[in-house]
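Below, each chain spelled out in residue letters.
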Amino acid sequence: MKNKISQKSTAYFYRLRLSVNSGLSKSFFLLCFIFFLTGSVAFSQNNNLHVTGIVQSDQNVPLSGVSVNIKGSNVGSITDKNGHFSIDVPNTKSTLIFSYVGYTAQTMAVGSKTYFPITLVSANKELGEVVVVGYGTQKKSSLTSSIATIKGQDIAAQPVANLTNSLGGRVAGIIFTQGSGEPGYDGSNILIRGIGTTGNTQPLVIVDGIPRNFTQLDPNTIASVTILKDAAAVAPYGLGGANGVILITTKKGKLGAPTLTYDGYAGWQNPTVQTKFVNAYQYATLFNAADDNEGAPHAYSDYALQKYKDHSEPDLYPDHDVLKELENRNTLITSHDLDLSGGSEKIRYFASLGYLAQQGLWGPTHYNRYNMTSNVEADATKTTKVNVSINGRVEDQNFPGVSAANIFYQAFRTPPNAPLTFSNGLPGSYIGRSAAGNIDESGYTHNIGNTLLNQISIEQQLPFIKGLSVKALASYDYNPFSATDPTDPTQPIITFSRTWLTPIYFYAYDSATNTYPLVGNDGPAKPQYSEEYLQSQAFTYQGYLNYHNHFGKSDITGLIVLEERDTKTSVFGAGRVNYNIDVPELNNGSANSTDISNYGYSLETKQKSAVYRLAYSYDGKYYLEASGRYDGNYYFAPGHRFGFFPAFSAGWRLSEEKFIKDNAPWITSLKIRGSIGQSGALAGSPFQYLSSYSVAGNASVLGYTATQGLTESSQANPNITWERAKKKDIGLDANLWDGLLTAEFDYFYEKRSDMLFAPTVTVPAEYGIGLSQVNSGIMSNHGFEATLGSSHRFSNGLRVGLDLNYTFARNKLLQVFETAATFDNPNRRITGRPLNTQFGYKALGYYTSADFDANGNLLPGEPVQPWGTVHPGDIKYADVSGPNGKPDGQITPDDIVPIGKPYTPEIIYGISPSVSYKGFDFTLLFQGAANRDFYDGVYPFDNSSSATIDELNYWTPTNLHAENPRITTQPTSNNTQTSSWWIRNGSYLRLKTGQLGYTVPEAMMRNLHLQSMRIYVSGQNILTWSHIKNFDPEVSASNGEYYPQQKVVSVGLNVTF
Amino acid sequence: MNQKNIKKSCLYLMAVLIVIGNFSCKKSLDASLNVIPGNSLTNASVWTSTSTADVFLNTIYGYLPDGNNEYDPFDNWSDNSICGYSWVVSRTEAQQAIYTPATLNFDQLPYTWSTLYTNIRACNVFITNVSSSALDTSYKRLRVAEARFLRAFFYQELWMAYGGVPIITNPLDISTQGDSVFRARNTSDETFQFIDSELGAIAADLPITAAESGRATMGAALTLKGWVELFDHQFAASAATNMQVINMGVYSLFPDFGSLFLPANNVNNEEIFWREYIPNVLGGRCDSYDGPTFTAGGAETSWGGVNPTQELVDDYDMDNGKPISDPTSGYNPQMPYVNREPRFYESIVYDGSYWYNDTIYTRQGIGSPNEIDLSDHDDATQTGYYLRKGLNDKITLGADNWNNGTSAQNYYYFRYADVLLNYAEAQNEAVGPDASVYNAINQIRERAQIPDLPPGLSQDSMRTDIRRERRVELAFEGKRYWDLIRWGIAGTNLNQELHGIAITVNNGVLHYTPVTTPGGDHKFDVSKNYLFPIPQSAIDQNKNLTQNPGY
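Thresholds applied
Residues numbered from 1 in each chain as written. Chains lettered and ligands numbered in written order. Predicted model: local features only at pLDDT ≥ 70, side-chain atom pairs only at ≥ 80, totals over all residues. Heavy atoms only, no water. Helix = DSSP H or I, 4+ residues; strand = E, 2+ residues; numbered from the N terminus. Rg over C-alpha atoms; globule rule 2.2 N^0.38 Å. Buried < 20%, exposed > 50% of the residue type's maximum accessible area, 1.4 Å probe, protein only. Contact = heavy atoms within 4.5 Å. Lys, Arg positive; Asp, Glu negative; His and termini not counted. Charge placed at Lys NZ, Arg CZ, Asp CG, Glu CD. Axes fitted to C-alpha atoms, helices over the stretch in contact; angles between N-to-C directions. Parallel < 35°, antiparallel > 145°, perpendicular 65-115°, else oblique. Left-handed = near helix turned anticlockwise from the far one by under 90°. Nonpolar A, V, L, I, M, F, W, Y, C, P; charged D, E, K, R; others polar. Salt bridge = Lys/Arg side-chain N within 4 Å of Asp/Glu carboxyl O. Expected span 1.5 Å × (residues − 1). Polar contact = N/O pair within 3.5 Å; in protein donor to acceptor, adjacent residues only side chain to side chain. Buried area = accessible area lost by both parts, 1.4 Å probe. Pairing = 2+ DSSP bridges. 1 Å grid on protein atoms, 1.4 Å probe; cavity = no way out; pocket = protein on both sides within 12 Å on 5 of 7 lines; lining within 4 Å. Points joined across faces, edges and corners; volume = space filled by probe spheres on them.

### Details of the overall build of chain A
Of regular secondary structure, chain A possesses 13 helices and 49 strands. Rg of the C-alpha trace for chain A: 33 Å, near the compact-globule value of 31 Å for 1057 residues, within the 12% margin. The dimensions of chain A, computed from C-alpha atoms along their principal axes, are 110 × 70 × 70 Å. For chain A, with 1057 residues in total, the buried portion stands at 56%.

### What to know about the overall build of chain B
Check the secondary structure of chain B and you find 21 helices and 13 strands. If you line up chain B on its principal axes, its C-alpha atoms span 120 × 55 × 45 Å. Sequence separation of 24 or more characterises 70% of the internal contacts of chain B that already satisfy a separation of 6 or more. Each charge class in chain B can be summarised by its mean position, and for the 39 positive and 62 negative side chains these summaries are 10 Å apart.

### Quick word on the packing of helix H10 (residues 218–231) of chain B against helix H11 (residues 235–248) of chain B
All names here are of chain B. Their axes nearest at 8 Å, the elements H10 and H11 cross at an angle of 160°. Looking at the two axes, H10 sits roughly antiparallel to H11. Every pair of crossing elements has a handedness; the one defined by H10 and H11 is left-handed. Seen from H10, the contacting residues are Met218, Gly219, Leu222, Thr223, Lys225, Gly226, Glu229 and Leu230; seen from H11, they are Phe235, Ala237, Ser238, Thr241, Asn242, Gln244, Val245 and Met248. Partitioning the contact of H10 with H11 into residue classes produces seven nonpolar, seven polar and two charged.

### Considerations on the pattern of salt bridges
All names here are of chain B. All chains considered together, the criterion is met by 70 salt bridges over all chains. Asp54 serves as the salt-bridge partner of Arg143, at 2.9 Å between the closest nitrogen and oxygen. Taken together, the residues span a long stretch of sequence, with Arg143 in helix H7 (residues 137–162) and Asp54 in helix H4 (residues 50–61) at a distance of 89 residues. Here the two residues Arg143 and Asp54 agree in accessibility, since each one is buried.

### Some points on helix H6 (residues 280–293) of chain A
Residues and elements named next belong to chain A. Spanning 14 residues, H6 covers 20 Å between terminal C-alpha atoms, matching the ideal 20 Å at 1.5 Å per step. Structurally, H6 contributes buried residues whose contacts are with helix H7 (302–310). Capping the start of H6 is the job of one residue whose side-chain oxygen sits 3.2 Å from the backbone nitrogen of Tyr281: Asn279. Positive backbone phi, at 65°, marks Gly295, one or two positions downstream of H6.

### Topic: the interface of chain B and chain A
Often, the extent of an interface is quoted as the loss of accessible area on bringing the components together. Taken together, the contacts link 90 residues of chain B with 98 residues of chain A. Summed over both sides, the interface of chain B with chain A buries roughly 7800 Å², with 63% coming from carbon and sulfur. On the surface where chain B and chain A come into contact, there are one salt bridge. At the boundary of chain B with chain A, the tally comes to 25 residue pairs in polar contact (both at pLDDT 80 or more). No other element matches the nine residues that helix H1 (residues 3–22) of chain B contributes to the side of chain B that touches chain A. When the residues that make up the side of chain B that touches chain A are grouped by side-chain class, the tally is 44 nonpolar, 32 polar and 14 charged. Of the pairings in the sheet, the one linking strand S33 (residues 693–702) of chain A to strand S1 (residues 40–41) of chain B comprises two bridges and is antiparallel in character. In the strand pairing of S1(B), A:Ser694 is matched with B:Ser40.

### Quick look at unusual backbone geometry
What you tend to see is this: most non-glycine residues have negative phi, and most peptide bonds are trans. Residues and elements named next belong to chain A. Even without glycine at this site, Tyr135 takes up a positive phi of about 60°. By the secondary structure assignment, Tyr135 is in the loop between strand S8 (130–133) and strand S9 (136–139). On the accessibility criterion, Tyr135 (9% relative accessible area) is buried. The phi angle at Asn931 is positive, at roughly 60°, despite the residue not being glycine. Checked against the element boundaries, Asn931 lands in the loop between strand S44 (920–930) and strand S45 (933–935).

### Here we look at the pairing of strand S13 (residues 509–521) of chain B
Residues and elements named next belong to chain B. Two strands pair when backbone bridges link them, and strand S12 (residues 497–506) and S13 are joined in this way by nine bridges, in the antiparallel orientation. The residue of S13 that forms the bridge with Ile503 is Tyr512. Connecting the antiparallel pair S12 and S13 is a turn made up of two residues, with Asn507 showing a positive phi of about 50°.

### Some thoughts on the sheet that holds strand S2 (residues 67–70) of chain A
Residue and element names in this part refer to chain A. Pairing is antiparallel across the open sheet formed by four strands, whose spatial order is S3-S2-S5-S6. Edge positions in the sheet fall to strand S3 (76–78) and strand S6 (106–109), since each of these pairs with one other strand and no more. Each strand of the sheet is rotated relative to its neighbour by a mean of 20°, with strand direction disregarded. Direction of pairing for S2 relative to S3: antiparallel, over a ladder of three bridges. Of the residues in S3, the one forming a bridge with Asn69 is Gly76.

### With respect to the sheet that holds S1(B)
Read across the open sheet, the three strands follow the order S34(A)-S33(A)-S1(B); overall the sheet is antiparallel. Only two strands of the sheet have a single neighbouring strand rather than two, namely strand S34 (705–712) of chain A together with S1 of chain B. On the sheet, H4(B) packs against S33 and S34 of chain A together with S1 of chain B and is oriented at approximately 100° with respect to S34(A).

### Digging into empty space enclosed by the protein
Residues and elements named next belong to chain B. Counted under the stated rule, the structure contains 19 cavities of 30 Å³ or more. By volume, the largest cavity amounts to about 300 Å³. Asn68, Lys389, Gly390, Tyr411 and Phe476 are the residues nearest the centre of the largest cavity, which is lined by 22 residues in total. By residue class, the composition of the lining of the largest cavity is eleven nonpolar, six polar and five charged. Its boundaries defined by the atoms lining it, the second largest cavity holds a volume of some 260 Å³.

Written as structure tokens, this is what we have:
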């Protein structure tokens, strides 16, 4: 009998393929989804001998989806959700095979029995575990490279929108910073093993084998995230691999009955740290104090001070907590996800529908995401496997017409005594700007991102050579990355953007008439509207030749992949100003030609590569592997386009040696491994080999007509090529006492050479143009990683676990372009120091009256500071050096010294304890960063700004050890010099995530006709400990004006029907 | 294995082989990665078409000073005005003359060393490539002359700011020229000679009237030449050159001084070289950068970037043509704004002036938002005055103007009044106050509707009158600082307290008291500040550059 599913699926696939050929229409997408939702898995059996049974795991948990096959026949069945199965067998001589992923298959002769309680034993966790590697998978036990894996289940159900925020702290090797909490832009910058280059530091991101943006995939559809760290691991990615590689694998169907799962949560977001500002009375008092210091009359009278204090005339003497009044509290983030998964031996499917909605700090800001995924894998013939996967999403973002950066800029400036809003709710203004109007009256920016990732692969065993197979994969992606920033895989994808900017009217209070006249406008005089269409397409073709066989104790694996990838991007925009009709459509705008504008451009990229991997192992003890890539890219001149990036690695499983097995039986597994190799990185921009001219937009007006611009681009460098990274890694993996303790240690060293530098300092400033970059920089990066894990299950069912990871990475510039002024001064030399080491003057403290004579002049011998007259309470700097290397009595750039570590942390660690007992499970993830410094550039009254509460602690003759220098109406040039005074320790520790879940007992579930249900409380950024008190420690703007990181507390529900 | 499977396998193998085929030949492999960038042109395509070459030259016109987009104009570095807010370079850096080679920062002003050399390179690239191109000879003559004019203009700015500078007349290329790209400074005299001779050489190649307004003309070249000669104290030469412009007969003073600077009169016979603006496209922002800060309802419709000083105000004559220092002028310090000459009312917003649908009160004690800001707490005036000249209050002021650039008026680099004033000064210095000097200066006064200068002035008195006339006529046109430098009086005028006016009301009577004001305390070190320092970064990159004395 032919299996019905198989027939059915073949028929569907025929149609699917037709659809693909006819243009990947949306109907294909729809068809697939309907198919998976409706396609029932039906069996019919007509045989005589009927047997039944139950399959359980060695933990006595019923297993659903276990395939039950009759040996030597196509007939099969699978267990239902309670582990039960029934099957008709031809006769008593039949043999049943029970197989299930992750468990050792079991064979059972039928005999006279008709009921079979079967217990499947899980395959040795470590030995059986398969990890995703570049262009394939490998058994974990045979790995000779440094790879970390995060399981999909660990990142699902966290109340975060952007996947980059789910990775940090979970495994060793990831250094990250999250610089913003703004919906749609809240991703973390991820660095694998820190920063190894002055160029682009972004790791390559591969989703299901293809370079794609991964940040907004549905977390519930992620099977695993694999971090490729060392040379051997990244070698298959050639000139994409030097910064490390993140491999995302999405879920595929699982053998078993259809399982429908719902997962959803609702969470409440608030800034992790709410920056506090002075109130109106404090502001006015502080300003008067500044006036006193300058001998100027008080800006605020005693009457005004009293009014600010007693709030009796709020429209004349307002007192606003600006930031707090502009921001909403407890904004909502919700997610709903429905997954269907199942399959038989012949065809497996997974489909998912996801929805996420995230509110911002103010009404107009929100982010909605709709994800849809389907994946079908079919054994078309005995030797042919076909996989079709479609992964689409729509992102829908809305923001006020004024950007968040500008809103925060204005919010930080607006002092508490400015009329943010009046008592009747009308927006007021401060120096011609309306902070409240910026949010609600400014119009909007509405961005839509459509992404569709399609791929189909066919794998064919070649029966004439055992172990040989070929595979062809083609993918067509629509908007797989940001069109405006294709090289940054974390940039949001926007395919259509509409911006409607309206007048931002603001009002004043006229106390004489007690009216609120309209007095101004902080927006355009008349509405403006613009649209932008962005589109990118990527075509990737891969041809694989796979070989795997063993001869005696030798095991050989070979892989060759040929890959070709082309992308095309086009951008088009148009806009009009001076709208008389209040309807945002281009056609409704002014018809005057000077009110109409448009622009557009296109980009194209090409890449061709050949990948290989050869692995040999002997007796499960000794492993050797060679891999690499011959890679070509359009960036460079003909003749400089192709490069070869090889790597070698080796491993030795000591635990398989007799001397360990006999003497140390507690060592379950022990392996040492090492790798060495080269990889590359594209840096800079393409076409620097061409001497060329760039066309710009409007450049000048002649004859009252705007004319275009044409400028010389930088001078060509025909020899420009990629960066090269030489990486070494030595590691140790251990598993002791049967998994009670697992450990992984790695030491790595990388030397990046041929880094691109624009050699501006090698030509005079009079040269008048930049030179194209040249491959000349060298830097090293080394570090250490450790991962420790322990878990134990007590006999009473209590399970406790603890996972620790630690990453340290420190780089060093070995060769960079430097002027003599910095290179010849050992204090200022960049070479030999970590990249982005912070330099500035060394602050000694404050001047005191003892430093001045009676006339207020600095006493002789005090170094001269060139930034205007100084007074007691101003910052005093050290005269470290001079033109001759000796102190010269003057503060000049010769006195600059290193004052702080780079902003990117050198150390990231994670601590994750977990407990489960009966139905309860409880997991925490503490994540910390150390060895980083933040430069605090927040000054009171800077550029007419307000002041934070910290700034009330300023120097006075009676407060000599204040945090801030003497107060002035504008921070003085002397006190705002880049100096050690403003360096803050940026170390922090967070309770990054926490989750408490309860799984409802099965007995109760039966009544509800559900398979399982779990409810949970979860949180993100729940607690933060840091030296920086008034900002989040990951504050990304030195002046503090940025969209803060959010903490989220959520409740969720997970149901399997 | 059945046939079907073999067939299938073959198909797959073919697919793989097609890909392998692509890798077979290195050359074709390279070629298969060819991508032609869509946004760039090559040497071959730029210099073979006049329309493309024109686009390159047009871009250089865009590098000329953008005077109507400055929120802290150069007059704030002089004794004419103070910026209404304190974070700008005129107050953080210029006021106390605390700029150093490491810190010198001109913000939006057009004197940045590396920027000027970028502009000069663009000129050199144009001149070199067009000269050697196969383009039409008449095209080459005209456009190369324009480019040489622009290059001379940029050298003029370098020379005034830094003195002698490296004179570079070819595009530098380190790969072919090696270390010779590291040029030493030419002397100030050599730099002057270069500018002067260039302008002399190309004047005849430029048209009397440009085909497109805003381009360089013969008049522009000669006016610039006369100006650098004046700056270099070559008085006789300057007088002769300026007389050449006068004798061209194409320029005359526009009858109405006040509206000369408004968009309605963008086309007039007085302008010689100027920058044009198109609102919303390449428009100006000066109307809401530099005008009176608060208007009706207390709305901030401008940043108040230019606050005229009492020192400037005192230099406006009475309407009888006499300076206020003249006891017979009729000036009453307690009624200071009565019967002043028309240019005062056309240039300055003072207490009680009308601006943008509002009366501007800078007096104290009546709760006016424009009250003189002696505590420096907002953008209100530091001096009790605001700028009117060159500003247009007939458009929507405020955010629309400063965000979108909606100002349309021209910015004049040179107008005929410059030529007359330059001539009068040069001739007075070279020869003395002859009739031609009177003629020139009185043309200015007649247009300003004030009586001629009295006859029989001594050379010194004439000098004083010319200087005051020049200050008033050219106020806020970016000229004053250079005048203080070349007259050698910066050590006095920029080394003192500048004043504002405190106006108090007592029983309905206004009282006027000059006061010192935040931002008014000026320093100028005569031992070094007559030249700006060469940026330290430029010296670091070129060991052949020597620093100006004192830095």
